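# Structural features, examined
Here are the chains, one letter per residue:
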Amino acid sequence: MKTMTCRQLGGPCDLEHRGESADDVINAQDRHLKEAEKAGDASHQEAREAMKGRWRRPKKSLDWYRDTKQAFAELPEGGPRGAAGQPDESENPMKTIDIPGGVVHELPADLRDALLANTTALDIWTGLTPLARNEFICWVEDAKQQQTRERRIRRTQEELEEGKRRPCCWVGCKHRTPGTGKSRQFQPQFNLVTVD
Ligand SMILES: [Zn+2]
Ligand SMILES: [Zn+2]
C-alpha cells in the first residue's frame, strides 16, 4: 500500500490517495477531481480538465502515465506520512484524529498540524460550522507566498483563541459558487485588503 497526494498527481491539494498500484491512486484522484468539480471547487478545475483530456487522448498521455507509474514505484511503502501499521503512526495517535475541513476546501496538512499542536484552537475549530472553517482554509490557501501562508496559519490560531468565527478582513470564499469559471485567473481581480 502506497500513498500519493493530489498534488503529486498534478492537483492543488494535499489529500492523500492510497492504493496497491498506480492505477488505484490515479482512479482515486479522478474521483476526487470529479467530486471537487461537483462541489464547484475552482482550484481543482485545471487538474480536472487535464485528467479528462487524458481519458480522451490516452496515447498522448502515455508519458504522464509512465511518469506517474514510475513515481509510484519509487515511493516507499506506506507513503510520506506513514500508513496504518507503520510504527511512527501507532506511536503518534494524534495523527489519526479526524479534523473536519470546510465546505469546499479540505483541511491542508500544515493547518491541520498547527491545530493539532494547539488544543485551544483545535477545540474551537471543531466547534465551528463547516462554512466558518471553510473561510479560514480558503484564506490560508489564498496566500501566494509561503511566508504569508505561515503567518495566516498563525493568525488563524490566534483569531480562534480570540473568539473570532471568521478570518478578519477576508472577502469570503469564492469557490463555493458553482460555475464561477474554469480558473481563478479569469475571475475579476479585486484588490482585497487582507490583514496577514
Ligand atoms: Zn485535491
Ligand atoms: Zn475558497
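Above this text is the structure in question.
Residues numbered from 1 in each chain as written. Chains lettered and ligands numbered in written order. Predicted model: local features only at pLDDT ≥ 70, side-chain atom pairs only at ≥ 80, totals over all residues. Heavy atoms only, no water.

Around the zinc ion (ligand 2), the donor atoms from the protein are His105 (NE2), Cys138 (SG), Cys173 (SG) and His175 (ND1), and they sit 2.0 to 2.3 Å away. Here the zinc ion (ligand 2) is ringed by four donor atoms whose angles at the metal span 92 to 117°, and the overall shape comes out tetrahedral. Counting along the primary sequence, the residues that act as donors to the zinc ion (ligand 2) give the motif H-x32-C-x34-C-x1-H. One end of the pair, His105, is in the loop between helix 4 (87-90) and helix 5 (109-116); the other, Cys173, is in the segment after helix 8 (146-161), with 68 residues separating them in the sequence. Here His105 and Cys173 have matching classes, each one buried. (Donors = N, O, S within 2.8 Å, 3.2 Å for Na, K, Ca; no water. Tetrahedral: all angles 85-135°; square planar, octahedral: opposite > 155°, others 65-115°. Helix = DSSP H or I, 4+ residues; strand = E, 2+ residues; numbered from the N terminus. Buried < 20%, exposed > 50% of the residue type's maximum accessible area, 1.4 Å probe, protein only.)

A word on helix 7 (residues 130-142). End to end, helix 7 covers 18 Å across 13 residues, agreeing with the expected 18 Å (1.5 Å per residue, within 8%). Most of helix 7 is tucked away, with ten of its 13 residues classed as buried. Those residues of helix 7 not exposed but buried are Ala132, Arg133, Asn134, Glu135, Phe136, Ile137, Cys138, Trp139, Val140 and Asp142. Against helix 5, helix 6 (119-127) and helix 8 lie the buried residues of helix 7. (Expected span 1.5 Å × (residues − 1). Contact = heavy atoms within 4.5 Å.)

The next point concerns the coordination of the zinc ion (ligand 1). Each protein donor to the zinc ion (ligand 1) is listed here as Cys6 (SG), Cys13 (SG), His32 (NE2) and His44 (NE2); together their distances run 2.0 to 2.3 Å. If you look at the zinc ion (ligand 1), its four donor atoms make angles of 100 to 114° with each other, and the shape they trace is tetrahedral.

In summary, soluble globular proteins display a tendency toward joint burial of nonpolar side chains. Counting residues in each nonpolar core, the largest one holds 21 residues, and the members touching the most others are Leu107, Leu111, Leu115, Trp125 and Leu160. At the level of secondary structure, the elements contributing two or more residues to this core comprise helix 5, helix 6, helix 7 and helix 8. For this core, the leading source of residues is helix 7, giving six residues. What Leu107 contacts, discounting residues up to four positions off in sequence, is Ile99, Pro100, Gly101, Arg112, Leu115, Trp125 and Ile137. (Core = buried A, V, L, I, M, F, W, Y, C linked by side-chain atoms within 4.5 Å.)

So, about the pairing of strand 1 (residues 2-5). Residues Lys2 and Met4 of strand 1 are buried on one face, and the alternating residues Thr3 and Thr5, pointing to the opposite face, are buried as well. Two elements, strand 1 and strand 2 (residues 16-19), share four bridges in a ladder whose sense is antiparallel. When the sheet's bridge partners are listed, Thr3 is paired in strand 2 with Arg18. (Pairing = 2+ DSSP bridges.)

Purely geometric stuff here, so don't read any function into it on its own.
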